[in-house]
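Observations on the three-dimensional arrangement
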Amino acid sequence: MQMVKKWWFTALLTVLLTLVSISHGSFAGYPLAALLWADFFAWAVIGFSGLYACALTGGERKRVFAWLLRFAQLADRVPLRWYHRVFIAVVMWDTGWKLAAFAGIHAVFYRRMIRSELERAAA
């Protein structure tokens, strides 16, 4: 995941967003939409697995929450803050990728709601 922290990740993301915003029929929207959907699915899996873990008892519950916290930390390795993600979703919405933008916004909300709960449950 060190490659994501390099300068070219930000440059590539900026170029893709520029291409998407300039040309509505651009193929640059596909990788961005895939990233938004992957982010949404990762946080949805974390959220629903956390709901499943609430049905467990004792050490099993603590172990599942610890694994979910590790998975959440892995998902947090992408160096984008919530306002970056919202900006990307707004650009995607404006260019016609409404469902992908909707998934991206939901991923931001999943992340903000679930994060503190996971840390508290895994402690």
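Predicted, not measured: the structure shown is a model, and the values here were computed from it.

Here we take up the overall build of the chain. Assigned secondary structure in the chain consists of five helices and zero strands. Moving toward the C terminus, one meets the helices and strands of the chain in the order α-α-α-α-α. Taking all 123 residues of the chain together, 38% fall into the buried category. Residue pairs in contact within the chain that sit at least 24 positions apart in sequence constitute 69% of those at least 6 positions apart.

Once that is clear, we can look at the nonpolar core. Residues Trp43, Ile46, Tyr110 and Leu118 are the most contacted members of the largest nonpolar core, which totals 15 residues. Of all the secondary structure elements, the ones that give two or more residues to this core are helix 2 (29-53), helix 3 (58-75) and helix 5 (98-122). Leu13, Leu16, Leu17 and Val91 belong to the second-largest nonpolar core, a separate cluster that totals 14 residues.

Within the secondary structure, Leu68 sits in helix 3. The exposure class assigned to Leu68 is buried, which follows from its relative accessible area of 8%. Considered as a pair, Leu68 and Val45 are 23 residues apart in the sequence and their alpha carbons are 9.2 Å apart.

So, about the packing of aromatic side chains. The full count for this structure, using the stated rule, is five aromatic pairs. Relative to Tyr110, the ring of Phe40 has its centre 5.9 Å away and its plane inclined at 40°; by these criteria the two rings are tilted. Highlighted residues: Phe40 in helix 2 and Tyr110 in helix 5, separated in sequence by 70 residues. An aromatic cluster of three or more residues is present, and its members are Trp37, Phe40, Phe41 and Tyr110. In this structure, Arg70 is placed above the aromatic ring of Trp67, and the distance from its NZ or CZ to the ring centre is 4.8 Å.

A word on the packing of helix 2 against helix 4 (residues 82-94). At a minimum axis separation of 11 Å, helix 2 and helix 4 run at an interaxial angle of 130°. The pairing of helix 2 with helix 4 is recorded here as oblique in orientation. Considering only the axes of helix 2 and helix 4, their crossing is left-handed. Of helix 4, the residues touching helix 2 (which contributes Gly29, Leu32, Ala33, Leu36 and Asp39) are Arg85, Ile88 and Met92. Its residues placed into classes, the contact of helix 2 with helix 4 shows five nonpolar, one polar and two charged.

Reading the values: rules and limits
Residues numbered from 1 in each chain as written. Predicted model: local features only at pLDDT ≥ 70, side-chain atom pairs only at ≥ 80, totals over all residues. Heavy atoms only, no water. Helix = DSSP H or I, 4+ residues; strand = E, 2+ residues; numbered from the N terminus. Buried < 20%, exposed > 50% of the residue type's maximum accessible area, 1.4 Å probe, protein only. Contact = heavy atoms within 4.5 Å. Core = buried A, V, L, I, M, F, W, Y, C linked by side-chain atoms within 4.5 Å. Phe/Tyr/Trp six-rings, centres within 6.5 Å; stacked < 30°, edge-to-face > 60°. Lys NZ or Arg CZ within 6 Å of the ring centre and 35° of its normal. Axes fitted to C-alpha atoms, helices over the stretch in contact; angles between N-to-C directions. Parallel < 35°, antiparallel > 145°, perpendicular 65-115°, else oblique. Left-handed = near helix turned anticlockwise from the far one by under 90°. Nonpolar A, V, L, I, M, F, W, Y, C, P; charged D, E, K, R; others polar.

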